[in-house]
Amino acid sequence: MKKLLNYSVVLFVLTIILLLIIPLPAGIVDVAIILNMSLSLMILVITMTIREPLEFAIFPSLLLVTTLFRLGINVSTTRNILSNSGSSGQIIKAFGDFILQGNVVVGLVIYLIIVLMQFLVITKGAERVSEVAARFTLDAMPGKQMAIDADLNSGLIDEQQAKIRREKIQREADFYGSMDGATKIVKGDSVMSLITTGINLVGGIIIGMVQGSGTLGEVATTYSIATVGDGLVGQIPSLLISTATGMIVTRAVAEGSLNEDISKQFTAQPTAIMISGVVIAILSVIPGMPVLQLLIVSVGLVGGGYYLSRRIREEPSMSAAGFAAAGPGPGPEAAPGDLPGEAGGETLRQVTEEEYYKDVNNVYNLLTVEPIEMEFGYSLIPLVDESVGGRLINRIVIFRRQYAQDMGFVIPSIRLRDSSGLNTNQYSIKIKGEEVARGELLVDYFLALDPENPEKEIDGIETIEPAYGIPSRWIRPEDREMAELYGYTVIDPLSVLVTHLSEVVKQHAHELLTRQEIIHLVENTKKNAPELIEEAFPNYINYSLFQKILTSLLKEGVPIKDLETIIETALESISETGLPLKDVDGLIEHIRTALKRTITRLYCEDGSMKVITLDSELERTMVSCLSKGERGYYLALSPDVLQSLINQITVQLKKFNSLSQSPVILTSQVMRVHFYRLIDQFYPNVRVLSFNEIANNIQIQSIGSLTLESPERRGA
């Protein structure tokens, strides 16, 4: 039975083919007609209730099957009409009698109108939309792929999400390509319907006259009823399928089901509804117009529009000064200037500045330093305000989740506010009250990153991409596809903003790891390893030491997600090896060695890691230059050696420009932390690793080396 169900579609198609060959009794044809109508109606309802076309990706194949089914029924009904003196079941006769109403000419005209309406309006329009959708979907594929890669590189999505989005893009291209061909089937079905109608009518009259079934009028009436009835039972399902075809190919920009979209977008325009009602009322003054009906419709439109406008006014919305509500219901007051954002997850209500600061407790809020703040110029507020479609908050939530999964640290809430001190297109990012980054966006443009060798230069406003400092240009939306064809990577303004924010947060994550967050992380680890936490804290490790360890790891981009390994290694180093608590650097190096699989994964590509190495003479010189201070050892190189080293690093780092891997310098474990501190002020994005931090199964590929240059060469 299960195998039979698995092959049900195959059996159904085989049955359709039999319809083309084997004559069927009128009763079975009636059942087939009912099934055809039911299936067509079901498909139409599905296309109106889905949210995106890919939810009904089988539609192109289903279109072929239903068309074949309909043609099989047409062949059977035509055979019965011509061989049974115009009789082919009760449904066809009932439809014919209902439409003709005793008048053959009127019935045929109505039938032809239905057929031509389907052929010239619905089918032809759906065919054109399918062609355009297929072409634009295929043309936009490279740009969409690059956008996914940009989101992946900025940490907004992980590899699994990127894979899903790539598969979706491929499925969209396949779907619209299939729909482009499938609409030709619908068009051919409409043409075939006209041919079948002509055969039934002309052929039936000829056969009736030859067989002597009656006078010309009687024969024409008999076969007209059968022809119109047969045409309608085929055209109604065909009309439903054609409508479904047009419906599914025009759902590309939909956000919900058709019912949801129409309700949302119509009710958002109460003024248009009221104006329509007034115009309808004016029509009632024209002599001969049905005044009662016009006034009923007019009152309904004006009343409905007024109700909707009042409901919209009552909903909290952001004023021009930047006041906003973060959600319905009562809640704490929002400080003037706050945008709807991450104010700790609480609901804010709109107040004036004078009213807000009447409460002395709110004055103390001015003394609070927010961990992360973003300020916006007036033109950028629509990116934040959810009431007008702003999606910044959603993107921040996605980034916070992804960063927590990757690094093991939850980014604190971000305060979003407008600022009159910025230009209208500017934004500012602050860490603990101080600005650390600033950028500028053109909301109505797209940012095109300049490729190394563009096929052709595109017109735009030259600028610098704020996150990575890549030369770019702002281009008009209509130039986006052309820019992608020329090799530019095109990014929307919101993605530019989120990417810049994510990079700033990654660079300053170690500053955001507070003592309170350390305690929270330890308590969270205690749920899975209570014995480990009880043994380590506070007997061997105190929270101050643990904060130094985690902030040092975060500063160098090492994930702290595996807290159990970090605590176990620290506990072992302190309790068993006797490592003194003051030697925090030595403790961190032990922990980094324990995390070598994690560290290797960050900078390994296809089983190999490309690095810059230090030659032995340079390392020996640096070891001899180690000096001991109040806070431990530090590297004290002479100015000329330091200058030579910086120049060499600048040259060697250029080799990583064409690679997807981050720059890595490989040293011995003894020198790693000292060399890192030496170059961090010059190259904060360069990672310094030791040989002990690289997994054994990884192939190390040296693409450059730093050497100790002779005085003569340095002088030259």
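Higher on the page you've got the structure.
Treat the numbers as computed from the prediction; the structure is a model and nothing was measured. (Residues numbered from 1 in each chain as written. Predicted model: local features only at pLDDT ≥ 70, side-chain atom pairs only at ≥ 80, totals over all residues. Heavy atoms only, no water.)

Draft legend 1. Representation of the overall build of the protein. The number of helices and strands found in the protein is 28 helices and 14 strands. Taking all 716 residues of the protein together, the buried fraction comes to 43%. Relative to all contacts within the protein whose residues are 6 or more apart in sequence, the contacts with residues 24 or more apart total 72%. A total accessible area of about 37,200 Å² is found for the protein, and carbon and sulfur atoms account for 58% of it. (Helix = DSSP H or I, 4+ residues; strand = E, 2+ residues; numbered from the N terminus. Buried < 20%, exposed > 50% of the residue type's maximum accessible area, 1.4 Å probe, protein only. Contact = heavy atoms within 4.5 Å. Areas by Shrake-Rupley, 256 points an atom, 1.4 Å probe, with all protein chains shown as cover.)

Draft legend 2. Quick peek at the pairing of strand β3 (residues 426-431). A large share of β3 lies buried, amounting to six of its six residues. Two elements, strand β1 (residues 372-376) and β3, share five bridges in a ladder whose sense is antiparallel. Across the sheet, the residue bridging to I372 is I431, located in β3. Relative to strand β4 (residues 434-440), β3 is paired through six bridges, and the arrangement is antiparallel. Across the sheet, I429 pairs through a bridge with A437, a residue of β4. The turn linking β3 back onto β4 is made up of two residues, and K432 within it adopts a positive phi angle of 55°. (Pairing = 2+ DSSP bridges.)

Draft legend 3. Up close: the sheet that holds β4. The four strands are arranged β2-β1-β3-β4 in an open sheet whose pairing can be described as mixed. In the strand order of this sheet, the two ends are held by β2 (414-418) and β4, each with one partner. Put simply, the sheet's adjacent strands are angled 20° from each other on average, direction ignored. Strands β1, β2, β3 and β4 of the sheet are contacted by helix α17 (residues 493-507), whose axis makes an angle of about 20° with β3. (Axes fitted to C-alpha atoms, helices over the stretch in contact; angles between N-to-C directions.)

Draft legend 4. Geometry of the sheet that holds strand β6 (residues 461-464). On the basis of which strands lie adjacent, the open sheet formed by four strands has the order β6-β7-β5-β8 and antiparallel pairing. The strands lining the two open edges of the sheet, one partner per strand, are β6 and β8 (489-491). Averaged over all pairs of adjacent strands, the angle between strand axes in this sheet comes to 35°, irrespective of strand direction. Pairing between strand β5 (residues 446-449) and β8: three bridges, direction antiparallel. Bridged to A448 within β8 is V490.

Draft legend 5. Structural detail: the nonpolar core. Residues F546, L550, L553 and I566 are the most contacted members of the largest nonpolar core, which totals 74 residues. Within the second largest apolar cluster, 24 residues are counted, among which are I612, M622, V641 and F656. (Core = buried A, V, L, I, M, F, W, Y, C linked by side-chain atoms within 4.5 Å.)

Draft legend 6. Structural context of empty space enclosed by the protein. As enumerated under the stated definition, the model contains three cavities of 30 Å³ or more in all. For the largest cavity, the calculated volume is near 60 Å³. In terms of lining residues, the largest cavity is bounded by N74, Y111, S193, T196, T197, N200, T227, D230, G231 and G234. Those elements that place two or more of their residues in the lining of the largest cavity are α7 (159-211) and α8 (216-249). Classifying every residue of the lining of the largest cavity by side-chain character gives one nonpolar, eight polar and one charged. (1 Å grid on protein atoms, 1.4 Å probe; cavity = no way out; pocket = protein on both sides within 12 Å on 5 of 7 lines; lining within 4 Å. Points joined across faces, edges and corners; volume = space filled by probe spheres on them. Nonpolar A, V, L, I, M, F, W, Y, C, P; charged D, E, K, R; others polar.)

Draft legend 7. Helix α10 (residues 270-283), seen in detail. Counted at 1.5 Å a residue, the expected span for α10 with its 14 residues is 20 Å, and the 20 Å between its end C-alpha atoms agrees. Here α10 has its buried residues at P270, I273 and G277. Considered in projection along α10, the buried side chains sweep an arc of 60° and stay on one side of the axis. The exposed set on the far side of α10, more than 90 degrees from its buried face, consists of T271, I275 and I282. (Expected span 1.5 Å × (residues − 1). Arc of directions from axis to C-beta.)

Draft legend 8. Representation of a nonpolar patch on the surface in the model. Taken together, the side chains of I275, V278, V279, I282, L283, V285, I286, M289 and V302 present a nonpolar region at the surface, about 730 Å² in accessible area. At five residues, α10 tops the list of elements feeding residues into the nonpolar patch. Within the secondary structure, I282 sits in helix α10. (Patch = residues over 30% accessible without salt bridge, like charges linked within 9 Å, V, L, I, M, F, W, Y side chains within 5 Å. Salt bridge = Lys/Arg side-chain N within 4 Å of Asp/Glu carboxyl O.)

Draft legend 9. Structural context of the pattern of salt bridges. Under the criterion given, the structure shown has 17 salt bridges. Close ionic contact of R672 with E589 constitutes a salt bridge, the shortest N to O distance being 2.9 Å. Highlighted residues: R672 in helix α27 (residues 669-680) and E589 in helix α23 (residues 584-594), separated in sequence by 83 residues. For the pair shown, R672 and E589 are each scored as buried. Linking R672 and E693 is a salt bridge whose minimum nitrogen-to-oxygen distance equals 3.4 Å. You can see R672 sitting in helix α27 and its partner E693 sitting in the loop between β13 (687-690) and β14 (699-706), a full 21 residues away along the chain. Both residues of the pair, R672 and E693, count as buried. Taken together, the salt bridges that share partners define one network made up of E556, E589, R592, R672 and E693.

Draft legend 10. Main features of the packing of helix α22 (residues 563-575) against α23. For the pair α22 and α23, the least separation of the axes is 9 Å and the interaxial angle reads 135°. As summarised for this structure, α22 and α23 are arranged oblique, according to the angle between their axes. The handedness of the crossing between α22 and α23 is right-handed. In contact with T565, I566, T569, A570, S573 and I574 of α22, α23 contributes L587, H590, I591 and A594. Across the contact of α22 with α23, the residue classes tally to six nonpolar, four polar and no charged. (Parallel < 35°, antiparallel > 145°, perpendicular 65-115°, else oblique. Left-handed = near helix turned anticlockwise from the far one by under 90°.)

Draft legend 11. Molecular detail of the packing of aromatic side chains. Following the criterion strictly, the structure yields three aromatic pairs and no others. A ring pair is formed by F537 and Y543, whose centres lie 5.3 Å apart and whose planes are at 25°; its orientation type is stacked. In this structure F537 comes out as buried when scored by relative accessible area, which is 8%. Considering the side-chain rings of F537 and F546, the 5.3 Å spacing of their centres and the 80° angle between planes classify their relative orientation as edge-to-face. Through a chain of ring-to-ring contacts, three or more aromatic side chains come together here, namely F537, Y543 and F546. (Phe/Tyr/Trp six-rings, centres within 6.5 Å; stacked < 30°, edge-to-face > 60°.)

Draft legend 12. Representation of α23 within the structure. Across the 11 residues of α23, eight count as buried, placing the element largely inside the fold. Those residues of α23 not exposed but buried are V584, D585, G586, L587, I588, E589, I591 and R592.

Draft legend 13. Local environment of the side chain of Q547. Residue position: Q547 is located in helix α21 (residues 543-555). Not counting the four nearest positions on each side in its chain, Q547 is found in contact with L513, T514, R515 and I518.

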